[in-house]
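Commentary on secondary and tertiary structure
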Amino acid sequence: MVSSLFDLSGKVALITGAHRGIGLAIAEEMTHAGAAVAICSNDAEGIALAAGRLRGSGLNALGIACDVGVDGELDRLVAETERQLGAIDILVCNAGINPHFGPTAAASDDEYDAIMRINLRSVVQLTNRVTPGMSARRDGVIILTSSLSGLRGNARIGVYSLSKAALAQHARNLAVELGEYNVRANAISPGLIRTDFATPILSNEDGLQRRLEKTPLRRVGEAREIAGAAVFLAARAGAFVTGHNLVVDGGTLISDA
């Protein structure tokens, strides 16, 4: 039996970037907590398979193919979610890309624009579409997937980390703007998590070992561990938490290694 503190029964959650990895794990755990979820990705085949997998386990899931970088697609995403599942109670903005590795100055204009369009602008645009309804109902939760990289300097993923730092600030801004309407906004900053996105680090044995030596728990995190944090923030357990950037990184940020 799920504790009432973590019960999401009757809630509708919209989760972007959710055909695999952290986004899919969040969808799975929120459905297990009782929510109906709409998951989206620009990978039409991937999102259909992910939604089918959830439904095959008896969970309430809707899959929608969507390019979050296109405003019209966001309009369709929100409208279709509301049409099929109802008003959106929980919005998880998890979609993100990083096409550039290297110094910030070496990033092309196209790479910079793509990162900012998907990682930041799409989140601002999507929250702009969803929060008015939440405010009118005086109930809602926004969760933005930021990153440990947004809290430290980076030599190889500077543009990505810039976009992720901005997401944490967007959560703080929303928390201040919408708190009087009982709408909460928080960010989650994962450390190194075992996903396809982290493959460049996970596949480099020497680099991975150096990273783990700087992580007090001495291991890589799992996507479900980020999902657990998301359920906490979405549920009554997190009802007095807003404007926070929850770091889930095994202690990497505070390590003196």
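Each remark here, short or long, concerns the structure printed above.
Okay, so let's go over this structure. (Residues numbered from 1 in each chain as written. Predicted model: local features only at pLDDT ≥ 70, side-chain atom pairs only at ≥ 80, totals over all residues. Heavy atoms only, no water.)

One can find D249 in the segment after β7 (245-248). Despite being buried, D249 has no salt bridge partner; R211 is the closest side chain of opposite charge, sitting 6.6 Å away. Of the polar contacts made by the side chain of D249, one reaches the backbone nitrogen of G251; its length is 2.9 Å. Setting aside residues no more than four positions away along its own chain, D249 makes contact with L148, G191 and T215. (Helix = DSSP H or I, 4+ residues; strand = E, 2+ residues; numbered from the N terminus. Buried < 20%, exposed > 50% of the residue type's maximum accessible area, 1.4 Å probe, protein only. Lys, Arg positive; Asp, Glu negative; His and termini not counted. Salt bridge = Lys/Arg side-chain N within 4 Å of Asp/Glu carboxyl O. Polar contact = N/O pair within 3.5 Å; in protein donor to acceptor, adjacent residues only side chain to side chain. Contact = heavy atoms within 4.5 Å.)

On a regular strand, one side chain projects to one face of the sheet and the next to the other, so that they alternate. The buried fraction of strand β2 (residues 36-41) amounts to six of the six residues, a majority that puts the element mostly inside the structure. By the alternation rule, side chains of β2 split into A36, A38 and C40 and V37, I39 and S41, which are all buried. Relative to β2, strand β1 (residues 12-15) runs parallel, the two sharing four bridges. From the neighbouring strand, I15 faces β2, where its bridge partner is I39. Remark: the β1/helix α1 (residues 21-32)/β2 crossover connection has right-handed handedness. The pairing of β2 with strand β3 (residues 61-65) spans five bridges and is classified as parallel. Each residue of the ladder has a partner; that of S41, found in β3, is A65. Each parallel crossover has a hand, and for β2 linked through helix α2 (residues 44-56) to β3 it is right-handed. (Pairing = 2+ DSSP bridges. Right-handed = clockwise from strand over helix to strand, strands pointing away.)

Quick look at the pattern of salt bridges now. Scanning the entire structure with this criterion turns up 10 salt bridges. A salt bridge links R129 to D75; the nearest nitrogen and oxygen atoms lie 2.6 Å apart. In this pair, R129 is assigned in helix α4 (residues 109-137) and D75 in helix α3 (residues 71-84), connecting sequence segments 54 residues apart. Judged by its relative accessible area of 25%, R129 is partly exposed. Classification of D75 as partly exposed rests on a relative accessible area of 41%. The partner of R219 in a salt bridge is E225, and the shortest N-O contact between them spans 2.7 Å. For E225, a relative accessible area of 34% gives the class partly exposed.

The subject of this paragraph is the layout of surface pockets. Roughly 300 Å³ of volume is contained in the second largest pocket. Lining the second largest pocket are 15 residues, with K11, D139, A234, A235 and R236 positioned closest to its centre. Among the residues making up the lining of the second largest pocket, the classes are represented as six nonpolar, three polar and six charged. (1 Å grid on protein atoms, 1.4 Å probe; cavity = no way out; pocket = protein on both sides within 12 Å on 5 of 7 lines; lining within 4 Å. Points joined across faces, edges and corners; volume = space filled by probe spheres on them. Nonpolar A, V, L, I, M, F, W, Y, C, P; charged D, E, K, R; others polar.)

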